[in-house]
Amino acid sequence: MRVGRLARMAALGFTLLAAASCQKSGPDLGSLLGADAPVPPKLVKEMQAKNMAVAAPLLVRLYKEESQLEVWKQKTDGEYALLKTYSICAWSGKLGPKREAGDRQAPEGFYRISQGQMNPASNYHLAFNIGYPNQYDRANGATGEHLMVHGSCNSSGCYAMDDWQVEELYALARDAFKGGQREFQLQAFPFRMTPKNMARHRQSDHYAFWKMLKQGSDRFELTKKPIEIGVCEKRYVFDPKLEAGQTLSPNGPCPSVAEPVNVAAKRIADEAEEEKLVATMKPSDFAQTTTFAYKPGMPITAEAYAAEQHRRPGFDRLGKPVEQKPASVFAPLTGR
């Protein structure tokens, strides 16, 4: 009896020890391998299940308010489908576009990333340049450079992921370029462009800008394919139909662009829903606009830094993983 009891206790102890050893502290889910890291086998299986090739083209969508980054991949039928949603580790500033070098604002808009914008030797593990300022930004007098999606969970105007996430993103983009994709589109939004969110942010100074971004968002939602982006009259135009030899100038006149029936139907329905919501909203239902504004060259105090840094729990102000207490072996395991 005693021997059997001791054996059972030993077995239980071994089980608890093994479970504890599998429980990582912080976000580390394995060793970092750098720019040559393969796409994780689990993600390859997900691609296969969704009829996506590993080297198929991709597209990235970002949402500040939700702190989410989506990777979409092209399926064998030509349409794009959502592959994976990542929790952004940190972004700085507030909702709204970047306007000035040093304002610590993360950009919003439509950007193109080519293979030359990939940085395997980044100081923040791995990175790719967003491509800010684009034609729209420059036409509207926006300045700044070196805005990235990178690792290290620390942002000064960039979209920062943790090192394991950025390694996965880098691998996905690298393999898409190897498969023949010349550049991929990055769509950066302040929030998910729903009628409810548009109603909540109706009082923002950036509302007109966001309505313009929503036009592009709606087109992608309906077609599930990258949008053709143009800039004229200092604004975005989407899927412009140009005559032979015709070109767009960021400061020049826009051609007449016919709104597809399905796009018009969605716009009309969403605007009607938004107006209905606004009519019933109390003042407290509208999103509060922060008064914090970082001016280039202004000393960044710890308090100001905390006010403008939107960081996922588990990392310190330098972007380093915070050592966490091991979870109970009886608690359910959770992934990122």
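Residues numbered from 1 in each chain as written. Predicted model: local features only at pLDDT ≥ 70, side-chain atom pairs only at ≥ 80, totals over all residues. Heavy atoms only, no water.

S.K.: Lay out the sheet that holds strand β8 (residues 148-150) in plain terms, naming residues and giving numbers.
M.R.: In space, the 6 strands of this open sheet follow the order β6-β7-β8-β9-β4-β13, with mixed pairing throughout. The open sheet has two free edges, formed respectively by β6 (118-119) and β13 (309-311), since each of these has just one partner strand. Pairing of strand β7 (residues 127-129) with β8 involves 3 bridges; the strand directions are antiparallel. From the neighbouring strand, Asn 129 faces β8, where its bridge partner is Met 148. (Pairing = 2+ DSSP bridges. Helix = DSSP H or I, 4+ residues; strand = E, 2+ residues; numbered from the N terminus.)

S.K.: Tell me about the packing of helix α6 (residues 207-223) against helix α7 (residues 261-280), and name the residues and values.
M.R.: The N-to-C vectors of α6 and α7 enclose an angle of 130°; their axes lie 10 Å apart at closest approach. For the element pair α6 / α7, the angle class is oblique. In the crossing of α6 with α7, the sense of the turn from one axis to the other is right-handed. Facing Tyr 207, Lys 211, Lys 214, Asp 218, Arg 219 and Leu 222 of α6, the residues of α7 in contact are Asn 262, Val 263, Lys 266, Asp 270, Glu 271 and Glu 274. Residues belonging to the contact of α6 with α7 are distributed by class as follows: 3 nonpolar, 1 polar and 8 charged. (Axes fitted to C-alpha atoms, helices over the stretch in contact; angles between N-to-C directions. Parallel < 35°, antiparallel > 145°, perpendicular 65-115°, else oblique. Left-handed = near helix turned anticlockwise from the far one by under 90°. Contact = heavy atoms within 4.5 Å. Nonpolar A, V, L, I, M, F, W, Y, C, P; charged D, E, K, R; others polar.)

S.K.: Can you tell me about the confidence of the model for the protein chain, naming the residues and giving the values?
M.R.: This prediction gives the protein chain a mean pLDDT of 86; 82% of its residues lie at or above 70. Predicted confidence for residues 1-28 stays below pLDDT 50, and this span has 16 contacts to residues more than four positions away or in other chains. Counted against residues more than four places away or in other chains, residues 326-336, with its pLDDT under 50, gives 12 contacts. (pLDDT = per-residue confidence, 0-100.)

S.K.: Can you tell me about the sheet that holds strand β2 (residues 68-74), naming the residues and giving the values?
M.R.: Read from one edge of the open sheet, 5 strands run β3-β2-β1-β10-β5, paired in mixed fashion. Only two strands of the sheet have a single partner each, and these edge strands are β3 (80-87) and β5 (109-114). Along the sheet, successive strands turn relative to each other by an average axial angle of 20°, direction set aside. In this sheet, strand β10 (residues 183-189) lies alongside β5 in antiparallel orientation, the contact comprising 6 bridges. Each residue of the ladder has a partner; that of Tyr 111, found in β10, is Leu 186. Lying over the sheet, helix α2 (residues 41-49) contacts β2 and β3, oriented at roughly 150° with respect to β3.

S.K.: Got a sec to walk through unusual backbone geometry? Specific residues and values, please.
M.R.: Across the junction of Tyr 132 and Pro 133, the peptide omega takes the value 0°, indicating a cis bond. Positionally, Pro 133 belongs in the loop between β7 and α3 (135-139). With phi around 65°, Arg 104 is a residue other than glycine that occupies positive phi space. Structurally, Arg 104 is set in the loop between β4 (90-92) and β5. Despite not being glycine, Ser 152 shows a phi value in the positive range, around 80°. Mapped onto the fold, Ser 152 is located in the loop between β8 and β9 (159-160).

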